[in-house]
Amino acid sequence: MARILLLEDDPDLHALLEFVLRRAAHEPLGAATIAAARDRWRNEGCDLALLDAHLPDGDSAELARDLIEARIPVIVWTGDDRGELSARAARIPEATILRKPMDPLAVAAQVQARLLR
């Protein structure tokens, strides 16, 4: 069972992703803000991080880079247009970048793929 840091501020999407992660035998560590996600990671650790790109308290790119530096795989998603998606990928090239809307089962597949790398 992998511990997955899940940073998503939309309560419905957050609940859906938590459900999918639990069904895949993972333990989601939920957070709705960057500050809360950083606290959970520091206090509880994680094996992989799923991060929404834009949150009420900012852009998750800095958190993503910190996680990657700590050798934690990162998956980031955004609802922005292709230009922003490309810019985000250039800023955090080690992260897997997904575009909203996302298929939750595809997210679960990405989680498995990143955990196996």
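Below is a summary of the structure that appears in this document. Note that this is a predicted model, so its numbers are computed, not measured.

Thresholds applied
Residues numbered from 1 in each chain as written. Predicted model: local features only at pLDDT ≥ 70, side-chain atom pairs only at ≥ 80, totals over all residues. Heavy atoms only, no water. Buried < 20%, exposed > 50% of the residue type's maximum accessible area, 1.4 Å probe, protein only. Helix = DSSP H or I, 4+ residues; strand = E, 2+ residues; numbered from the N terminus. Arc of directions from axis to C-beta. Core = buried A, V, L, I, M, F, W, Y, C linked by side-chain atoms within 4.5 Å. Contact = heavy atoms within 4.5 Å. Axes fitted to C-alpha atoms, helices over the stretch in contact; angles between N-to-C directions. Parallel < 35°, antiparallel > 145°, perpendicular 65-115°, else oblique. Left-handed = near helix turned anticlockwise from the far one by under 90°. Nonpolar A, V, L, I, M, F, W, Y, C, P; charged D, E, K, R; others polar. Pairing = 2+ DSSP bridges.

### A short note on helix H3 (residues 61–69)
So, step 1. Within the sequence span of H3, burial applies to Ala 61, Leu 63, Ala 64, Leu 67 and Ile 68. The buried residues of H3 all sit within an arc of 160 degrees when viewed along its axis, so they share a single face. For H3, the exposed residues set more than 90 degrees away from the buried face come down to Glu 62 and Glu 69.
So, step 2. Downstream of H3 by one or two residues, Arg 71 has phi in the positive range, about 65 degrees.

### Here we look at the nonpolar core
So, step 1. Membership of the largest hydrophobic core comes to 21 residues, with the highest contact counts inside it found for Leu 5, Leu 7, Leu 51, Leu 63, Leu 67, Val 74 and Val 76.
So, step 2. At the level of secondary structure, the elements contributing two or more residues to this core comprise strand S1 (3–7), strand S2 (27–31), helix H2 (34–44), strand S3 (48–52), H3 and strand S6 (74–78).
So, step 3. With four residues, H3 is the largest single contributor of residues to this core.
So, step 4. Apart from residues lying up to four places away in sequence, Leu 7 is in contact with Ala 31, Ala 32, Thr 33, Ile 34, Ala 37, Leu 50, Leu 51, Asp 52, Leu 55, Ser 60, Leu 63 and Trp 77.
So, step 5. Counting 14 residues, the second largest nonpolar core, distinct from the first, contains Ala 2, Leu 13, Ile 75 and Trp 77.

### Some words on the packing of helix H1 (residues 11–23) against helix H5 (residues 104–116)
The relative placement of two packed helices is expressed as an angle between their axes plus a distance between the axes.
So, step 1. It is the contact of H1 with H5, at a shortest axis distance of 10 Å, that shows an interaxial angle of 50 degrees. Comparing the axis directions of H1 and H5 gives the class oblique. The handedness of the crossing between H1 and H5 comes out as right-handed. Side by side, H1 and H5 meet where Leu 16, Leu 17, Val 20 and Leu 21 of the first sit next to Pro 104, Val 107, Ala 108 and Val 111 of the second.
So, step 2. Looking at side-chain class alone, the contact of H1 with H5 contains eight nonpolar, no polar and no charged residues.

### A short note on the sheet that holds strand S7 (residues 96–99)
So, step 1. Taken together, the five strands give an open sheet; going across it, the order is S2-S1-S3-S6-S7, and neighbouring strands pair in parallel fashion. For this open sheet the edge positions go to S2 and S7, each flanked by a neighbour on one side alone. Strand-to-strand twist of the sheet, defined as the mean angle between neighbouring strand axes without regard to direction, takes the value 20 degrees.
So, step 2. Here S6 pairs with S7 via four bridges, running parallel. Bridge pairing links Ile 75 to Thr 96 in S7.
So, step 3. Contacts between H2 and the sheet are confined to S1 and S2, with S1 contributing the most and set at about 165 degrees to the helix.
So, step 4. On the sheet, H5 packs against S1, S3, S6 and S7 and is oriented at approximately 140 degrees with respect to S3.

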